[in-house]
Structure formats: structure tokens, C-alpha cells
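Below are the chains, spelled out letter by letter.
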Amino acid sequence: MKNILTIIKKEFLRFFKDSRMVLTTLILPGLLIYLIYSFMGDGLTSLFEADDNYIYTVYVYDMPEELNENYFKQLKNFKFVEISENEIENIKTSIEDKQVDCLVVFPKDFMETINSYDSTVSGAVAPNVEIFYNSTKTESQSAYSTVVSLLDTFESTMSNKFDINAGGLQHDLASQKDVTGQMFSMLLPMLIMIFMFSGCMAVAPESIAGEKERGTIATLLVTPIKRSELAIGKILALSVIALLSGISSFLGTILSLPKLYGSSMEGMDISVYNVGDYLMLLGILLSSVLIMISLISIISAYAKSVKEASTLIMPLMIIVMIMGVSSMFASTIADNVFIYFIPLFNSSQAMSGIFSFNANILNVVITIFSNILYSVLLVVILAKMFNSEKIMFSK
Amino acid sequence: MSEILKVENIKKTFILSAKQQKIEKSNSKYKVAVNGLSFSAYEGEIFGLLGPNGAGKTTTLRILATLIKPDSGDAFIDGLSVSKQSDEVRKKIGFLTSELKLEDFFTPNYLFDFFSELHGVSVEDREKRKEYLFKRFGIDKFAEVKVANMSTGMKQKLSLVISIVHNPNIIIFDEPTNGLDVLTAKTVTDFLKELKEEGKSIIVSTHIFSLVEKICDRVGIIIDGKMAVCDKLNAVTNGRPLEDVFFDIYAAMKSEAGEIL
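The text that follows walks through the structure, step by step, so that each part is easy to find.

Definitions and limits used
Residues numbered from 1 in each chain as written. Chains lettered and ligands numbered in written order. Predicted model: local features only at pLDDT ≥ 70, side-chain atom pairs only at ≥ 80, totals over all residues. Helix = DSSP H or I, 4+ residues; strand = E, 2+ residues; numbered from the N terminus. Rg over C-alpha atoms; globule rule 2.2 N^0.38 Å. Contact = placed C-beta atoms within 7 Å. Axes fitted to C-alpha atoms, helices over the stretch in contact; angles between N-to-C directions. Parallel < 35°, antiparallel > 145°, perpendicular 65-115°, else oblique. Left-handed = near helix turned anticlockwise from the far one by under 90°. Nonpolar A, V, L, I, M, F, W, Y, C, P; charged D, E, K, R; others polar. Core = buried A, V, L, I, M, F, W, Y, C linked by C-beta atoms within 7 Å. Buried ≥ 20, exposed ≤ 12 C-beta atoms within 10 Å, placed from the backbone. Pairing = 2+ DSSP bridges.

**Structural notes on the overall build of chain A**
And then number 1: In terms of regular secondary structure, chain A is built from 14 helices and four strands.
And then number 2: The globule rule puts the C-alpha radius of gyration for 395 residues at 21 Å, and the 31 Å found for chain A is more than 25% above it.
And then number 3: Dimensions of chain A along its principal axes, counting C-alpha atoms only, are 100 × 45 × 40 Å.
And then number 4: Sequence-distant contacts in chain A: of pairs separated by 6 or more residues, those separated by 24 or more amount to 78%.

Here it is as C-alpha cells:
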């Protein structure tokens with residue numbers, strides 16, 4: 001036990017006293033994710049939404065007065081300019097050059113034509129309104145969408161036989177809590193799994209394959225320390241560091257999500273979960289990190305160098321990503337108790353259950369205990385690897 | 001004088017990778033590093049394992065240090081089997097070889113405390129021993145310097161000190177003066193003599209004849225994994241320079257094996 005603590009202390013000291021390691025493993029992942037996601041969110045917003053004070057200029061040809069008075073004039077920030085037929089080509093060129101936002105060309109005698117149009121008469125062609133715009137200019141795209149929506153509204157008033165969910169009543173009966181649960185249960189298990197694994201990848205290969213590569217692990221192996229003590233000490237210390245790294249990435253993501261998803265995240269709040277949910281989540285996180293670190297440690301002990309370890313870990317990374325994504329699709333088998341014995345997949349499913357308020361305590365307990373059991377087995381394997389001269393001293 | 005080390009007919013074969021086969025210029029996938037080696041060392045003596053590069057000296061010492069296991073045969077340190085009681089053997093020995101490295105990030109002060117803890121040395125004993133050894137090797141002047149910033153000599157001194165933090169009675173040093181400048185090499189040689197005076201049993205491997213002549217009581221000449229001769233130094237040399245004796249034995253062994261020198 002004393003030797004385990006000595007190894008844990010050494011691993012912590014090695015990590016926390018190295019400002020480069022702390023910066024690259026604990027601070028930068030969270031900070032970079034926050035900055036990148038926030039930047040992406042702001043970028044996407046500016047890509048699809050024009051400035052609030054922007055005045056859209058829409059050129060119209062032959063617009064019926066009735067339509068103008070009742071619909072188009074109601075639009076704020078829109079200026080409609082009537083043009084003659086010989087100006088149409090020039091305006092189209094200006095739209096192409098991103099000088100003008102939009103051009104709406106109505107067919108001749110539009111109102112009379114639509115009033116006399118009968119869709120049941122065979123061969124009758126509906127009057128066609130042409131709207132020219134440039135999809136690569138945000139303002140032009142936005143003006144186009146507004147005009148199309150306006151004309152759709154106008155069209156629906158002409159042949160309105162029935163409405164669906166008209167009026168201001170709330171027809172979606174899902175509570176805000178359920179909506180939050182659904183969103184989080186799809187998104188967070190995947191993010192947590194990937195971030196935890198990335199945290200493990202950042203520390204375990206360096207600590208095990210790195211020590212092997214540099215010859216420092218051999219110095220430890222000639223001391224009286226038991227191989228199992230060395231394996232346990234390393235795995236526990238690395239698990240804590242990996243968990244901190246995962247938390248850093250997770251915080252960066254959670255804090256930047258409102259910016260990334262904008263209005264679709266409005267009203268969502270992680271305070272919908274209670275203490276019990278968080279405790280179950282903590283248990284799953286700890287046991288999952290243990291199993292991930294153990295797996296990566298075994299691969300790292302097998303590898304001859306940090307570089308080789310990183311390459312060998314890649315297939316495992318893909319498996320973890322698939323397991324994380326599975327929380328989005330595997331809801332039909334979530335009640336099957338046996339899936340909670342499958343390492344990594346069980347963590348993803350159990351987290352999904354917690355986030356969607358459908359957690360089954362038995363499934364969570366099976367997940368945590370099976371993960372701990374697998375980790376113990378992996379520690380035994382790692383200790384045997386530390387004892388194998390073929391693995392530890394292969395050149 | 002009681003027998004502190006007994007090596008009984010140990011054999012060790014390595015499987016060579018394609019890369020190693022190229023380096024060794026060998027067509028065989030196997031390399032017999034140690035081939036039925038037997039010898040004994042006695043308490044309070046310095047035993048020198050002398051041989052050319054690739055003779056099997058380091059492999060033998062790695063087996064004694066429990067880093068690797070023999071394919072057959074066994075060795076006993078203070079009556080403990082290196083194959084079956086490796087944990088117990090490691091408590092009794094201090095082992096130094098160039099393949100054992102210290103982590104660049106740490107300082108001598110920290111490393112001494114860390115390895116003392118692993119060897120179960122009490123804080124009081126640790127502090128006394130640290131003060132003595134650091135002063136003896138001049139490490140006190142760079143006790144807070146990270147290993148990364150040390151010279152080869154400083155690193156070698158520190159490695160030596162770290163290997164004996166627990167004051168072991170049996171000390172196994174593989175090429176202890178290899179790559180050292182003359183001053184550091186003398187410090188190490190003098191220290192080995194001091195250890196002997198303290199009653200420690202020391203096994204050193206080397207290819208430096210003068211080192212064996214200077215400090216060893218007993219010598220074993222190992223060629224191609226086999227013990228060519230093993231006896232008290234003066235019995236082996238019989239008044240002749242060790243270098244001459246070695247080359248005579250080497251030539252005889254090679255001629256016996258049908259190799260032309």
C-alpha cells in the first residue's frame with residue numbers, strides 16, 4: 001500500500017510540477033474547445049443571420065398593389081423598389097455581383113391570373129413568381145427566405161380549407177425538463193466518453209510507454225516494489241489526471257454550447273438533475289476512466305515508444321467514439337440488463353439513461369461494478385506485462 | 001569465507017528481430033547470450049566478470065538483478081533463487097547498469113527520497129545516508145538540479161548513489177566506469193574499494209583490465225557466454241599481466257571453436 005502511494009505521489013509530482021504538461025493537458029483542452037466552439041457559434045450565426053439594422057433592398061417588377069399593401073409593406077427593414085422590364089437583366093447582374101439583395105418578378109396580371117387559375121383543369125399551368133437571389137450573400141439569402149415565406153402565407157390564405165395547430169396554444173406537451181433530458185442524453189454521453197478518452201490518451205502513453213522508452217521503468221523494476229503495486233499506483237494516479245483533463249474539456253464544451261447551438265439551447269439548464277443523478281454519473285465517470293486508463297496502459301506497456309503507443313491506441317479511440325455515439329441510437333436495447341456488462345458501451349448507455357431521467361439503479365450499479373472488475377483484471381494483466389522481460393525489454 | 005553468490009549452469013537465448021540480425025550480422029534468429037555459465041562469489045570480495053563486448057556479462061548481471069530470467073539453470077544470492085524469489089532478491093541487492101535511467105524531470109534530492117521509500121528505508125536512515133553519499137560524491141552541490149540539466153558524470157554518480165540508497169550487502173555493477181572521465185572513474189573505483197572495506201560483496205562486469213587488477217579479489221573471464229576461467233586474481237594471472245592472460249585464453253577458446261583470429 002505504501003509503495004502504491006509512493007508511485008501515485010511521484011506521478012502527481014511529475015505531472016503537476018511540469019507547467020507544460022498542466023498547460024497542454026488541463027488548461028488548453030478546455031480553453032481551446034471553449035474558444036473554438038464559441039467562435040464556430042458566432043461564425044455560424046453571422047453566416048445565416050444578417051445584422052439586425054440592415055435594410056434589405058428588394059427590387060420588384062409588376063407587384064400587385066393588393067399584395068404590396070397587405071403583406072410587403074408590413075415588413076420591417078425592407079425597402080421595395082419598383083422597376084421596369086428593361087431593368088430586370090441589370091438587376092440580375094447586380095445580384096450576381098452581390099450589389100443587390102433580391103429581385104421579385106411577378107407575371108403579368110398576377111392577381112387576375114391566380115383568381116382564374118383552377119388546378120383541377122388538366123394542363124393548366126400555375127402562375128409563376130420568380131425570385132432571384134444570391135445564396136452566397138447572407139443578406140440576399142435572408143431576403144429570399146422572407147419573401148418566399150410571405151408569398152407562402154399569401155398563397156395559403158387563398159385556398160385555406162383547414163389549419164393545423166392554429167392559435168397560440170402550446171401543442172407540444174413535452175416539458176422543458178424532458179426536452180433538456182432528450183438533448184443532453186443524445187449529446188453528452190458521446191462528448192463525455194470522447195473527452196475522457198482524450199484525457200487518458202494525453203497522460204497514459206507518456207507515463208508508461210515513455211518510461212519504457214527512456215529506460216526509467218527498468219530502474220523501478222530493480223527495486224523491491226511489486227509489479228502489481230506499480231500497476232495500481234500508475235493506473236490510479238493517471239486516472240485522476242485523465243479525469244481532470246476530461247473535466248476541463250467537458251467544461252469548455254458545456255460553457256460554449258449556448259453559443260454553438262444558439263436559440264435551440266434556450267431554457268436548457270443542467271440544474272434539472274438532482275444529487276442522486278450526479279452521484280450516479282460520478283460513479284460511472286470514475287469507473288469508465290479506470291477502464292480506459294487500464295486499456296491504454298496495457299497498449300502503452302506493449303508498445304516500444306510513445307509514438308507506437310499512440311498509433312496502437314487509435315483503433316480503441318474509434319471503438320470509444322462508436323460506443324459514445326451509440327447512446328443516440330441504441331435506446332431500444334437500453335432495458336436489456338446484459339448490455340451493462342459490456343465495457344464502455346455500458347457507460348454510454350447508463351449515462352444516456354441518467355441524462356434522459358430513465359436511469360435504472362440496477363443498470364448503473366452493474367455498469368460501475370463490472371467496469372471496476374474489468375479494471376482489476378486489466379491491472380493484473382498490466383502487472384504480468386511489467387514482469388515480462390519480452391515486453392519490458394524488447395528492442 | 002561464505003558463498004554469497006552461486007550461479008549454476010545458467011543459459012539464456014534471445015530471439016533476434018530482423019533489425020538486430022542485421023546489426024549482429026547473423027543469419028540465425030537466435031543468439032545464445034549465456035551458455036551454461038557457473039561461478040561463485042564470496043562475502044566481502046570484489047568479483048570481476050571480465051570479457052569482450054557481447055560475451056554475456058550484462059545478460060548474466062541482468063539475470064542476477066532479476067530483470068530477466070534464465071532459460072535454464074539458476075542463480076542464488078544469499079541462498080535466494082533469482083528465478084523463484086525475485087522480490088526477496090531485489091531487497092538484498094543494489095544494481096547499476098547503463099540501461100537504468102533516471103527521470104529527467106526530477107532532482108537528486110527527490111529521487112533519493114523516492115527510491116528510499118520504495119526500498120522501505122526509514123526517514124531518519126534516509127537523511128543520514130543521503131547526507132553521507134551526497135557529500136561523498138559531491139552531489140550536494142547539484143542536489144536541486146534536474147537530471148535533464150546534468151552532465152554524464154553527474155548522472156552516473158547519481159545513478160550509483162540511487163542504486164545503493166538502501167545500503168545493500170550485495171552490489172552488482174555493470175561497467176561502472178564506462179564512459180566516465182578519469183576523475184569520476186577514480187571516484188567510483190575508490191568507492192568500490194570503500195564498500196569492500198565495509199564488508200560488502202561486489203560483483204562488477206568490465207572489459208577494462210586495469211580496473212580488475214586494481215580492485216578485484218576474484219575474476220571470471222567470460223567468452224561467448226561461457227566461463228573460460230574463474231579463480232582468485234593472482235591464481236589466474238600467476239604474476240603475468242591480466243591483459244596477456246586474457247588474450248591467451250581468448251585465442252585458445254577461439255581456436256578450440258575453430259575460429260581464426
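**Observations concerning the overall build of chain B**
And then number 1: Along its length, chain B carries 10 helices and 10 strands.
And then number 2: What you see for chain B is a C-alpha radius of gyration of 19 Å, in line with the 18 Å of a compact globule of 261 residues.
And then number 3: Seen along its three principal axes, the alpha-carbon backbone of chain B occupies a region of about 55 × 45 × 35 Å.
And then number 4: Long-range contacts, defined as pairs at least 24 residues apart, comprise 70% of the intrachain contacts of chain B with a sequence gap of at least 6.

**Examining the packing of helix α10 (residues 275-302) of chain A against helix α13 (residues 361-387) of chain A**
Between two packed helices, what matters for the description is the angle formed by their axes and the separation of those axes.
All names here are of chain A.
And then number 1: Contact pair α10 / α13: the axes reach a minimum separation of 9 Å and the direction vectors enclose 20°. By the angle between their axes, α10 is roughly parallel relative to α13. α13 is crossed by α10, and the crossing has left-handed handedness.
And then number 2: Classifying every residue of the contact of α10 with α13 gives 18 nonpolar, eight polar and no charged.

**As for the nonpolar core**
And then number 1: One finds Met196(A), Cys200(A), Ile293(A) and Ile172(B) to be the most contacted residues of the largest nonpolar core, which totals 140 residues.
And then number 2: The element that contributes the greatest number of residues to this core is helix α7 (residues 176-214) of chain A, accounting for 16 residues.
And then number 3: For Ile293(A), the residues in contact, after removing those within four places along its chain, are Cys200(A), Ala204(A), Ile235(A), Leu238(A), Ser239(A) and Ala242(A).
And then number 4: Listed in part, the 14 residues of the second largest apolar core include Tyr59(A), Val104(A), Ala143(A) and Tyr144(A).

**Some remarks on the interface of chain A and chain B**
And then number 1: Contacts between the two partners involve 19 residues from chain A, matched on the other side by 20 residues from chain B.
And then number 2: Every element with two or more residues in the side of chain A that touches chain B is listed here: α1 (2-16) and α8 (216-221) of chain A.
And then number 3: When grouped by side-chain class, the residues that make up the side of chain A that touches chain B number six nonpolar, six polar and seven charged.

**Some words on the sheet that holds strand β6 (residues 93-96) of chain B**
Residues and elements named next belong to chain B.
And then number 1: Spatially, the six strands line up as an open sheet ordered β6-β7-β8-β3-β9-β10, and their pairing is mixed. Each edge of the sheet is formed by a strand with only one pairing partner; in this case those strands are β6 and β10 (226-232). Direction aside, the axes of adjacent strands within the sheet are offset by 15° on average.
And then number 2: Here β6 runs beside strand β7 (residues 170-174); their pairing, made up of four bridges, is parallel. Paired with Ile-93 across the strands is Ile-170, a residue of β7.
And then number 3: Across the face of the sheet, helix α2 (residues 57-64) comes into contact with β3 (46-50), β7, β8 (201-206) and β9 (218-223) while running at roughly 150° to β7.
And then number 4: Across the sheet, helix α7 (residues 182-197) is in contact with β3, β7 and β8; its angle to β8 comes to roughly 150°.

Bear in mind that shape data such as this cannot, by itself, settle questions of function.
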